[in-house]
Amino acid sequence: QVQLVESGGGLVQAGGSLRLSCVVSGRTFSDYTMGWFRQAPGKEREFVAVIKWNGGTIYYTDSVKGRFTISRDNAKNTVYLQMNSLKPEDTAVYTCAIDRMRYRLRVGYQEEEKYDYWGQGTQVTVSS
């Protein structure tokens, strides 16, 4: 059974930082691309960042470029999202997801259907 468990969310003032973690079990973590998504209140879930299975390729949504950093530690089955210079508009539930297919970073990595297992999410709240 594949499980993804996020942690690290919380309440922070604008300009602050948080680091989210997502631990994966039940699948060979190092073989799979990982993504972070977020869903703000009243909005659809949106793509935030993706990292290739070997860490060699990374993409971000434009609104977080230069502020967020995705990384992974394959020895710990963990993907991270370092979030700096946080803004109130970053307030959302952040969720990690694992790609359906091994050894792929496919066109359409921003699309939810490319991922087959999701974590439960962790709340990030940025106060102004």
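Rules of the game
Residues numbered from 1 in each chain as written. Predicted model: local features only at pLDDT ≥ 70, side-chain atom pairs only at ≥ 80, totals over all residues. Heavy atoms only, no water. Core = buried A, V, L, I, M, F, W, Y, C linked by side-chain atoms within 4.5 Å. Buried < 20%, exposed > 50% of the residue type's maximum accessible area, 1.4 Å probe, protein only. Helix = DSSP H or I, 4+ residues; strand = E, 2+ residues; numbered from the N terminus. Contact = heavy atoms within 4.5 Å. Pairing = 2+ DSSP bridges. Axes fitted to C-alpha atoms, helices over the stretch in contact; angles between N-to-C directions. Phe/Tyr/Trp six-rings, centres within 6.5 Å; stacked < 30°, edge-to-face > 60°. Lys NZ or Arg CZ within 6 Å of the ring centre and 35° of its normal.

## Let's talk about the nonpolar core
Point 1. Counting 28 residues, the largest nonpolar core has M34, W36, L81, M83 and Y94 as the members making the most contacts within it.
Point 2. Listed by contribution, the elements that provide at least two residues to this core are β3 (18–25), β4 (32–39), β5 (46–51), β7 (68–73), β8 (78–83), β9 (92–102) and β11 (122–127).
Point 3. With residues up to four places along the chain from it excluded, the contact list for L81 reads L18, R19, L20, W36, V48, A49, F68, T69, I70 and Y94.
Point 4. Within the second largest apolar cluster, six residues are counted, among which are F37, F47, A97 and Y115.

## Focus on the environment of R19
Point 1. Along the chain, R19 turns up in strand β3.
Point 2. Under the relative-accessibility criterion, R19 is labelled partly exposed at 48%.
Point 3. Spatially, the C-alpha atoms of R19 and D99 are 22 Å apart, while their sequence positions differ by 80 residues.
Point 4. Excluding anything up to four places from it in sequence, R19 contacts S7, G8, Y80, L81 and Q82.

## Remarks on the sheet that holds β7
Point 1. Pairing is antiparallel across the open sheet formed by four strands, whose spatial order is β1-β3-β8-β7. Single-partner strands in this sheet number two, and they are β1 (3–7) and β7. Between one strand and the next, the sheet's axes are offset by a mean angle of 15°, whatever the strand orientation.
Point 2. Bridge count between β3 and β8: six bridges; the pairing is antiparallel. In the strand pairing of β8, R19 is matched with Q82.

## Notes on the packing of aromatic side chains
Point 1. One pass over the structure, following the stated rule, counts seven aromatic pairs.
Point 2. Each ring, one from Y115 and one from W118, has its centre 6.0 Å from the other, and the planes form 65°; the classification is edge-to-face.
Point 3. With relative accessibility at 24%, the residue W118 sits in the partly exposed group.
Point 4. Pairwise contacts between aromatic rings join F37, F47, Y59, Y109, Y115 and W118 into one cluster.
Point 5. Against the face of W118 rests R45, its NZ or CZ located 3.9 Å from the ring centre.
Point 6. For R72, the ring lying beneath its charged end belongs to F29, and the centroid distance is 4.3 Å.

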